[in-house]
Amino acid sequence: SSPVSSQSILELTNRTYFDTDELLLIFALFDTAARRKPFLDIDGFRGLFGKLQCDEGIISSIFQTLDLDGSGQISFPEFVVALSTICRGRFQDRVGFSFRICDLDNSGLVTYSEVLSISQSIQNMMKQVAMQPTMDQNCSVEFLRRTALNVAMAETTKKRPSLHDFSTSAAS
């Protein structure tokens, strides 16, 4: 397994909007997708999408956006900082992140056709998720769907999710 120290988790709690329990859950997902290497390559990143048929250009654009140092590999800190920005970041940071994903040709401009391409790809992925009644329990898309559901339910009940909440729902 890829090493993740308590010190690195502590540093990431200071750099992200995630707490320790959330970071440990995200690391478990990352470690599985990375096949126990300390980074995600493009193949491991594709694996996060599970059985979904995703547009390769979109996957590549998201991968390049997450790969902050341009190494062709996404480290756990890069992954979790980006995920934190997407999920809980400031509005202008989320817009900037979305812009970089939509700028498929890296021109510094987002064209109508790029927005349309991204929108269609997201719509196609959402249709696939909605149409899959039962997914493999080990599929990361299913894990993320269940995690998002737990977080949403915790928000509505003002209950803070715990590690137990996530492991229980994954078993159901």
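Please refer to the structure placed before this passage.
Residues numbered from 1 in each chain as written. Predicted model: local features only at pLDDT ≥ 70, side-chain atom pairs only at ≥ 80, totals over all residues. Heavy atoms only, no water.

**What to know about the overall build of the protein**
- Along the protein, the regular secondary structure elements total 9 helices and 2 strands.
- When its helices and strands are written in sequence order, the protein yields α-α-β-α-α-β-α-α-α-α-α.
- Buried residues in the protein amount to 38% of all 172 residues.
- Long-range pairs, those at least 24 residues apart, make up 53% of the contacts in the protein between residues at least 6 apart in sequence. (Helix = DSSP H or I, 4+ residues; strand = E, 2+ residues; numbered from the N terminus. Buried < 20%, exposed > 50% of the residue type's maximum accessible area, 1.4 Å probe, protein only. Contact = heavy atoms within 4.5 Å.)

**Focus: unusual backbone geometry**
- Phi angles above zero are rare outside glycine, and R36 is one such case at about 70 degrees.
- Here R36 is to be found in the loop between α2 (20–33) and β1 (39–40).
- We note that N106 has phi near 55 degrees; this positive angle belongs to a residue other than glycine.
- By secondary structure assignment, the location of N106 is in the loop between α6 (91–102) and α7 (112–131).

**As for α2**
- Over its 14 residues, α2 runs 20 Å from end to end, which matches the ideal 20 Å to within 8%, given 1.5 Å per residue.
- If you check which residues of α2 are buried, you get E22, L23, L25, I26, F27, L29, F30, D31 and A33.
- Once α2 finishes, R35 follows within two positions and takes phi at roughly 55 degrees, a positive value. (Expected span 1.5 Å × (residues − 1).)

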